[in-house]
Amino acid sequence: MAGGAWGNSARALASANELMRSPLSGILATLSTILLELIDHRALIMLTGDCPKSPLWATGDAELTECVSTTEMSALAREVDVGTPRFGRAVLAGAARNVLAFAASPPNSAGALLAVVTDGDTEPPAMTAETVQQLWDLTTARIRDLIQTVAPVESSGLLAGGDRVRAIADLADEHAATLSTLLAALRARDLDDATARRTAVDIAVSAIIRHRSVDDVDRVADILGEERADRAYTRLSDMLGMLSHYGAVTLEYSAFDGGQRHIPSHVTEIARTVARGCVLSMLAQDGISRIRVCWDLADTELLMTIRDDGPGTLTVESFTPHRVTDRVAVLGGSLELDAVPGWGATVTIRLPLLVREIPRSDLRSTLNPREVDVLRHLVLGHRNRAIADDLHISEHTVKFHVARILKKLNAGSRGEAAAIARSLGFPTAALPRS
């Protein structure tokens, strides 16, 4: 174990600076590099309640990172208290291993668990564990802040018809190639029956291995930016489950009969993010002991209901720190709050599953160059003041342009206009300024 450099406060500050400058995608790897000076380890595995895409992150030895499960990390989370490192054996990736675990739960976060899979069986010194705990607290806060500032929809997740056809065609070609190879082996005149069968079996096994993690429907869904509804709901419970580990409030989930239907992944990601924001806002109240989450899937929308047994004083403004209303608006959805003093609050959210499509050429020909400039800012979620400052125009002029954009796109809100732009493949970089 290295660690002499940590006697110098400058090293600790430099490490903190590295973490604070690290992008979201590389922050766990950055932490791993820093921790190598303190603890020899094979992998870092994180379970977080703040990421709507996946609660499980990992870096290090592929034998561990590719096989560890959310269930294993959830079991470990129940053994670790916030701010109190735990060293001992834990089952990860199907085997008992020596693990140094840390839990953190900064304000406005659902909490996160870090498992450091160590090489040795000797517990690190208390001072080392305390240092790592501080680094983990900082990392968790950084992850929370980065996720909060991520745009609600990075891409529409919906491909044009041509892309959909090509994606399915690629899968069909792969299956055709496998079948052709099997037939060639079975028909080969230079192979005896036993060898031909053995070769065919090898080909089939190789194909099965390629498909063993997901079935064909899921592979198509992954390519097309969709997610199976029941698995999306399971991800939600995994993400919010961290709050159950590190809080006194009971989280309940209604049975969700989504079957194996697939829905756009950008909708499920926003649904999870919005649910987390609502729950965190509810937890900020006093006198709350239970929150119940419910999903219902209709033909054209995802209905989400979240209830608490708190004081019933929740307001829509309570959701502002978590950008709940902004994220709902991006999809052109709706949010209703029914708060009754003494009885608790109920939040009802409707997220449309489809964004009305406009031909790409129509969008660019419909809007003039200045309106395209303003639309780019709407996609980024900027307010009128920021738009006016950047484009060197008045706020009144910005309002005029926004009103014209909404009318031309037949959009009911700024968020819906942004969603339409994204659905047509117009991210910020694709909207050049005139």
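For clarity, every value in this text was computed on a predicted model and none was experimentally measured.

Peer 1: Could you clarify how one ought to interpret helix α2 (residues 27–35) in this entry?
Peer 2: Burial analysis of α2 places 7 of its 9 residues in the buried class, the great majority of the element. Three or more residues of α2 are buried, namely Ile27, Leu28, Thr30, Leu31, Ser32, Ile34 and Leu35.

Peer 1: Got a minute to help me understand helix α15 (residues 395–409) in this structure?
Peer 2: Owing to its 3.6 residues per turn, the α-helix aligns residues three or four sequence positions apart on the same side. Compared with the 21 Å implied by 1.5 Å per residue over 15 residues, the 21 Å span of α15 between its first and last C-alpha is a close match. Within the sequence span of α15, burial applies to Val398, His401, Val402, Ile405, Leu406 and Leu409. Along the axis of α15, the buried residues cluster in a sector spanning 135 degrees; they form a single face. Counted as exposed and oriented over 90 degrees from the buried face of α15: His396, Lys399 and Lys407.

Peer 1: Help me understand the sheet that holds strand β10 (residues 301–308) in this model?
Peer 2: The strands making up a sheet are joined through hydrogen bonds of the backbone, oriented either antiparallel or parallel. Pairing is mixed across the open sheet formed by 5 strands, whose spatial order is β7-β9-β10-β12-β11. Because the sheet does not close on itself, it has two edges, and the strands there are β7 (250–253) and β11 (334–340). Between one strand and the next, the sheet's axes are offset by a mean angle of 15 degrees, whatever the strand orientation. For β11 and strand β12 (residues 344–352), the ladder comprises 7 bridges, and the chain directions are antiparallel.

Peer 1: Before we go on, may I ask you to explain the pairing of strand β9 (residues 290–297) in this structure?
Peer 2: Moving residue by residue along a regular strand, the side chains alternate between the two faces of the sheet. Here β9 shows one buried face, formed by Ile291, Val293, Trp295 and Leu297, and one open face, formed by Arg290, Arg292, Cys294 and Asp296. Bridging between β7 and β9 involves 4 bridges; their strand directions are parallel. Pairing of Thr250 across the sheet is with Arg290, part of β9. From the end of β9 to the start of β10, which pair antiparallel, there are 3 residues.

Peer 1: Explain the side chain of Glu72 here, please?
Peer 2: Turning to its location among the elements, Glu72 is positioned in helix α4 (residues 70–77). For Glu72, which is buried and forms no salt bridge, the nearest opposite charge comes from Arg97, at a distance of 7.4 Å. Reaching out from Glu72, the side chain makes a polar contact with the backbone nitrogen of Ser69 at a distance of 3.1 Å. A distance of 2.8 Å separates a polar side-chain atom of Glu72 from the backbone nitrogen of Ala93. Apart from residues lying up to four places away in sequence, Glu72 is in contact with Cys67, Val91, Leu92, Ala93 and Gly94.

Peer 1: Would you mind showing me how to read the sheet that holds strand β5 (residues 112–118) here?
Peer 2: The strand order across the open sheet built from 5 strands is β2-β1-β5-β4-β3, with neighbouring strands paired in antiparallel fashion. Each edge of the sheet is formed by a strand with only one pairing partner; in this case those strands are β2 (56–60) and β3 (86–92). Strand after strand, the sheet turns through a mean of 30 degrees between neighbouring axes, direction not considered. Relative to β2, strand β1 (residues 41–48) runs antiparallel, the two sharing 5 bridges. Bridge assignment links Leu44 to a residue of β2, and that residue is Thr59. Sheet strands touched by α2: β1, β2 and β5. Its angle to β1, the strand with the most contacts, is close to 140 degrees.

Peer 1: How do you make sense of the pattern of salt bridges when you look at a structure like this?
Peer 2: When their charged atoms lie close together, side chains carrying opposite charge are able to pair. Going through the model one piece at a time under the given rule, you end up with 16 salt bridges. The shortest N-O distance in the salt bridge between Glu301 and Arg350 comes to 2.6 Å. In this pair, Glu301 is assigned in strand β10 and Arg350 in strand β12, connecting sequence segments 49 residues apart. By relative accessible area, which is 22% here, Glu301 ends up partly exposed. A salt bridge links Glu395 to Arg385; the shortest N-O distance between them is 2.5 Å. Remark: Arg385 occurs in helix α14 (residues 384–391) and Glu395 occurs in helix α15; sequence separation between them is 10 residues.

Here is what the cut-offs are and how they apply
Residues numbered from 1 in each chain as written. Predicted model: local features only at pLDDT ≥ 70, side-chain atom pairs only at ≥ 80, totals over all residues. Heavy atoms only, no water. Buried < 20%, exposed > 50% of the residue type's maximum accessible area, 1.4 Å probe, protein only. Helix = DSSP H or I, 4+ residues; strand = E, 2+ residues; numbered from the N terminus. Expected span 1.5 Å × (residues − 1). Arc of directions from axis to C-beta. Pairing = 2+ DSSP bridges. Axes fitted to C-alpha atoms, helices over the stretch in contact; angles between N-to-C directions. Lys, Arg positive; Asp, Glu negative; His and termini not counted. Salt bridge = Lys/Arg side-chain N within 4 Å of Asp/Glu carboxyl O. Polar contact = N/O pair within 3.5 Å; in protein donor to acceptor, adjacent residues only side chain to side chain. Contact = heavy atoms within 4.5 Å.

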